[in-house]
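Each chain, letter by letter, is given below.
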Amino acid sequence: MASPPQGLTTLLARLAASGADFLLVGGLAAVAQGAPLTTLDVDVVHRREAENVGRLLAFLAGVEGQRVRVVRLEALADLKRGATGPKERLVLAILEDTLRGRR
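Note that the structure is predicted; figures quoted are calculated from it, not measured.

**Comments concerning the overall build of the protein chain**
No. 1: Helix and strand counts for the protein chain come out as five helices and two strands.
No. 2: Each helix (α) and strand (β) of the protein chain, taken in turn from the N terminus, gives the series α-β-α-β-α-α-α.
No. 3: Per-residue burial for the protein chain yields a buried fraction of 20% across its 103 residues.

**Comments concerning the confidence of the model for the protein chain**
No. 1: Overall, the predicted model of the protein chain reaches an average pLDDT of 82, with 88% of residues at or above 70.
No. 2: Mean pLDDT in the protein chain bottoms out at helix H2 (residues 26-32), which sits at 79, and peaks at helix H3 (residues 50-63), which reaches 92.

**Concerning the pattern of salt bridges**
No. 1: Throughout the structure, instances matching the rule amount to seven salt bridges.
No. 2: The salt bridge partner of Asp21 is Arg47, with a shortest N-O separation of 2.4 Å. In this pair, Asp21 is assigned in the loop between helix H1 (6-17) and strand S1 (22-25) and Arg47 in the loop between strand S2 (43-46) and H3, connecting sequence segments 26 residues apart.
No. 3: You can call Asp21 partly exposed: its relative accessible area is 29%.
No. 4: Residue Glu49 is joined to Arg47 by a salt bridge in which the shortest nitrogen-to-oxygen separation is 3.8 Å.
No. 5: Here the salt bridges do not stand alone but share partners, grouping Asp21, Arg47 and Glu49 into one network.

**Quick word on helix H5 (residues 86-102)**
No. 1: End to end, H5 covers 25 Å across 17 residues, agreeing with the expected 24 Å (1.5 Å per residue, within 8%).
No. 2: Looking only at H5, the buried set comprises Leu92, Leu95 and Leu99. Within H5, the buried residues cover an arc of 70 degrees as seen down the axis, which keeps them to one side. Those residues of H5 that are exposed and aimed more than 90 degrees away from the buried face are Pro86, Lys87, Leu90, Ile94 and Gly101.
No. 3: Taken together, the buried residues of H5 touch helix H4 (73-81).

**Focus on the packing of H4 against H5**
No. 1: Here H4 crosses H5 at 145 degrees, and the two axes come no closer than 9 Å. Note that H4 runs across H5; the crossing there is left-handed. Counted together, Leu73, Glu74, Leu76, Ala77, Lys80 and Arg81 of H4 and Glu88, Arg89, Val91, Leu92, Leu95, Glu96, Thr98, Leu99 and Arg102 of H5 form the full contact between these two elements.
No. 2: Taken together, the residues that form the contact of H4 with H5 break down as seven nonpolar, one polar and seven charged.

Analysis parameters
Residues numbered from 1 in each chain as written. Predicted model: local features only at pLDDT ≥ 70, side-chain atom pairs only at ≥ 80, totals over all residues. Heavy atoms only, no water. Helix = DSSP H or I, 4+ residues; strand = E, 2+ residues; numbered from the N terminus. Buried < 20%, exposed > 50% of the residue type's maximum accessible area, 1.4 Å probe, protein only. pLDDT = per-residue confidence, 0-100. Salt bridge = Lys/Arg side-chain N within 4 Å of Asp/Glu carboxyl O. Expected span 1.5 Å × (residues − 1). Arc of directions from axis to C-beta. Contact = heavy atoms within 4.5 Å. Axes fitted to C-alpha atoms, helices over the stretch in contact; angles between N-to-C directions. Left-handed = near helix turned anticlockwise from the far one by under 90°. Nonpolar A, V, L, I, M, F, W, Y, C, P; charged D, E, K, R; others polar.

The structure is reproduced here in structure tokens:
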């Protein structure tokens, strides 16, 4: 079974210990189930209830002592505009809706 880099498992363990309600998705979810993949990130879907979002934000604030770089939403949308897959088109629609809401 493939195993993720130690940093990802540590990050995931800390997230689980935070009490935030989330579902592991993406490459690391596949690795956890025995898929021989390599991944460099942790993808999660979180419950959007205010209390849970608060726990997630508190966790993120606790790891920001480690530099966490985040691509600007506008740049991410620009990247997705060149994609043709259905998943990327759906993500693009969500990103554009979020950007419209900021204006």
